Amino acid sequence: MIKVFEITKDKLKKYNGRDASVSLPDNILQICEKAFDSCNSVCEVKLNNSITSIGTGAFQNCDHLLFIHFPNSLQTIDMGAFFNCQSLSEICFDVESMLVTIGRLAFKNCTSVTRIVLPPSLKFVGRYAFAYCNNVREIYIPKSADCEPNALAYINPFARIVWYEDPSEVYKQESAAI
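What you see is a predicted model; the values in this text were computed from it and never measured.

On to the environment of Asn150. Looking at the secondary structure, you find Asn150 in the loop between strand E14 (146-147) and strand E15 (160-164). In this structure Asn150 comes out as partly exposed when scored by relative accessible area, which is 38%. Expressed as a C-alpha distance, the spacing of Asn150 and Ser38, which sit 112 residues apart in the sequence, is 26 Å. Apart from residues lying up to four places away in sequence, Asn150 is in contact with Arg127 and Tyr128.

Structure follows, in structure tokens:
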């Protein structure tokens, strides 16, 4: 019998399932490198409220991943974590999110993303993190975030990019849109 989740202590090493919707067990704090790499059956992932980091290439090439719920506990998204997730539609974080770092190439080539809302806690966005998100229409980034050169390279040239200081204005619009 194949284990759906390969877990060592509090780390998800590998997902071996074929479900369209995946909810991670509560005891997982980290998603390791390439844990979901090329899992084309996965359309939705519900991360538990304890996840603190998503490893390098963890979800890369998940062609059918449409939606992922980012918990407020998440602090780090490593290099290429969602690289080439071409069906992902939104990248949105709650105002209470503790996200600090988005690594290089993290969301590169996520061509279906139309909206990106980054939390006020964000301090660093790596090179080419959102490159080739060419259907994005709006991006909200805190002014306090240090964005490496080309973090937003080759996105839709007509995208509305808002560098905000006061999160209440961004998140007021968020709740009105829902």
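Right, let's talk about the environment of Phe70 for a bit. Within the element layout of this structure, Phe70 appears in the loop between strand E7 (67-69) and strand E8 (76-77). Distance from Phe70 to Asp94, taken between C-alpha atoms, is 8.1 Å for residues 24 residues apart in sequence. In this structure Phe70 touches Ile54, Ile77, Phe82, Ile91, Cys92, Phe93 and Phe107, once residues within four positions along its chain are discounted.

A few words on the sheet that holds strand E10 (residues 101-102). Ordered by their spatial adjacency, eight strands build an open sheet running E1-E2-E4-E6-E8-E10-E12-E14, and the pairing between neighbours is mixed. Of all strands in the sheet, those bounded by a partner on one side alone are strand E1 (5-8) and E14. Two elements, strand E4 (residues 30-31) and strand E6 (residues 53-54), share two bridges in a ladder whose sense is parallel. Opposite Gln30, over in E6, you have Ser53 as the bridge partner.

Assignment of secondary structure puts Gln60 in the loop between E6 and E7. Relative accessible area serves as the criterion here: at 15%, Gln60 is assigned to the buried category. Not counting chain neighbours up to four residues away, the residues in contact with Gln60 comprise Lys34, Phe36, Asp37, Ser38, Gly80, Ala81 and Phe83.

The next thing to look at is the state of the cysteines. In total, this model carries zero disulfides according to the counting rule given. Looking at the unpaired Cys32, the closest cysteine sulfur is the one in Cys39, lying at 14 Å. Accessibility expressed as a relative area gives 15% for Cys32, which makes it buried.

Before going further, it helps to examine the pairing of strand E13 (residues 138-142). In terms of burial, E13 is a largely internal element, five of the five residues being buried. Pairing of strand E11 (residues 115-117) with E13 involves three bridges; the strand directions are parallel. For Arg115, the partnering residue across the bridge sits in E13 and is Glu138. As judged from the five bridges shared by E13 and E15, these two strands associate in the parallel manner. Its bridge partner being in E15, Ile139 is matched across the sheet by Ile161.

Reading guide: rules and limits
Residues numbered from 1 in each chain as written. Predicted model: local features only at pLDDT ≥ 70, side-chain atom pairs only at ≥ 80, totals over all residues. Heavy atoms only, no water. Helix = DSSP H or I, 4+ residues; strand = E, 2+ residues; numbered from the N terminus. Buried < 20%, exposed > 50% of the residue type's maximum accessible area, 1.4 Å probe, protein only. Contact = heavy atoms within 4.5 Å. Pairing = 2+ DSSP bridges. Disulfide = S-S within 2.5 Å.

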